[in-house]
Amino acid sequence: MKKILILLALFTPYVLSAEFPIISNGITEISYLDANNVEQHHITCHEKVELDFNFNYLQCLSHGHDLEKQIHFHDELHDLYSDQLRATYVHKDGAFSLDQLKIYGNVCLIQKEDPAQIIAFDELQYALADQLDYSFTSDQITLRAKEGSSVLYYDQLNNYRISAPEVLLRRSPETNQAMVDGKGKVRFVFEEDELEKFKTHFFGKGKDFEHDKL
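Thresholds, definitions, all that
Residues numbered from 1 in each chain as written. Predicted model: local features only at pLDDT ≥ 70, side-chain atom pairs only at ≥ 80, totals over all residues. Heavy atoms only, no water. Core = buried A, V, L, I, M, F, W, Y, C linked by side-chain atoms within 4.5 Å. Buried < 20%, exposed > 50% of the residue type's maximum accessible area, 1.4 Å probe, protein only. Helix = DSSP H or I, 4+ residues; strand = E, 2+ residues; numbered from the N terminus. Contact = heavy atoms within 4.5 Å. Lys, Arg positive; Asp, Glu negative; His and termini not counted. Salt bridge = Lys/Arg side-chain N within 4 Å of Asp/Glu carboxyl O. Polar contact = N/O pair within 3.5 Å; in protein donor to acceptor, adjacent residues only side chain to side chain. Phe/Tyr/Trp six-rings, centres within 6.5 Å; stacked < 30°, edge-to-face > 60°. Lys NZ or Arg CZ within 6 Å of the ring centre and 35° of its normal. Pairing = 2+ DSSP bridges. Arc of directions from axis to C-beta.

A. The arrangement of the nonpolar core in detail. Among the nonpolar cores identified, the biggest contains 33 residues, and Leu58, Leu85, Leu132 and Leu143 are the most heavily contacted of them. Of the residues forming this core, the biggest block, six residues, is contributed by strand β10 (residues 95–112). Setting aside its immediate chain neighbours within four residues, leucine 143 contacts Leu109, Ala127, Ala129, Gln131, Leu132, Val151, Pro165, Glu166, Val167 and Leu169. Formed by eleven residues, the second largest nonpolar core is a distinct cluster that contains Tyr81, Tyr126, Leu128 and Phe202.

B. Broad picture of the side chain of aspartate 75. Counting through the fold element by element, aspartate 75 comes out in the loop between β7 (71–74) and β8 (78–82). Buried and unpaired, aspartate 75 has lysine 112 as its nearest opposite-charge partner, separated by 5.8 Å. Side-chain polar atoms of aspartate 75 contact the backbone nitrogen of histidine 78, separated by 2.8 Å. Residues within four places of aspartate 75 in sequence aside, it is in contact with Gln40, His41, Lys112 and Phe136.

C. Representation of the packing of aromatic side chains within the structure. For the structure on display, the rule yields eight aromatic pairs. Put simply, the rings of Tyr126, Tyr154, Phe190, Phe198 and Phe202 pair up and form one aromatic cluster. Sitting over the ring of tyrosine 57, arginine 86 keeps its end group 4.1 Å from the ring centre. A cation sits over an aromatic face here: lysine 205 above tyrosine 81, 5.1 Å from the ring centre.

D. Representation of the pattern of salt bridges in the model. In the structure shown here, the tally under the stated rule is seven salt bridges. A salt bridge links lysine 112 to aspartate 79; the shortest N-O distance between them is 3.3 Å. Of this pair, lysine 112 sits in strand β10 while aspartate 79 is found in strand β8, placing the two residues 33 residues apart along the sequence. On the basis of relative accessible area, lysine 112 is assigned to the buried category, the value being 15%. Three or more residues are tied together by salt bridges with common partners; here these are Lys102, Asp133, Arg144 and Glu166.

E. Highlighting the pairing of strand β6 (residues 57–61). Burial analysis of β6 places four of its five residues in the buried class, which makes it a mostly covered element. As judged from the four bridges shared by strand β5 (residues 49–52) and β6, these two strands associate in the antiparallel manner. Across the sheet, residue glutamate 50 finds its bridge partner in β6, namely glutamine 59. From the end of β5 to the start of β6, which pair antiparallel, there are four residues, and asparagine 56 there has a positive phi angle of about 55 degrees.

F. Representation of helix α1 (residues 192–202) in the model. Regarding α1, the residues found buried are Glu194, Leu195, Phe198, His201 and Phe202. An end-on view of α1 places all buried positions within 135 degrees of arc, on one side of the element. Exposed residues on α1 whose side chains face more than 90 degrees from its buried face are Glu192 and Asp193. Glycine 204 occupies a position one or two residues after α1 and carries a positive phi of about 85 degrees.

Quick look at the structure:
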């Protein structure tokens, strides 16, 4: 297993540049730390990883479509699983910060409780999609499904479901409360095949997910 540790501190420019990308094959773990040595996010990939400081991106690929060996991204609030991942960063004032995250293929999202408002640190929402775009600057997640398929969203806390071609997750600027918008043809129940698909993809992912309560 290869481990890549990148400290997001005040580096000099020549340290953060390379004339060619860093490429790793096999199981690779990437941890991004801030200037205080606190983990900001962590990525595990079982196949090829490409890291390019010149263009400020990190890319992970998985070709096997093995649900037990998906790319895994996690931070304090999210666990994300997928077949492909591309993260882009901004370099400002001598430090890196995550800007955009795009993941594709068998996308599983688990949203957790905000540690700043912690009650029991439960996992609250789950979603299954074909593509996820996450803007860290606007704190907005867009989930999309392929034509003929649907994004499946399940709120365990409030016990409701959404099936739609696109689902937007964001926070209200006025109340800071989570907001969920379904786009296109929206249903509030899962069909039987959707339910089984949901259970299959989340099996073994998430400590609080209970199949029998769906």
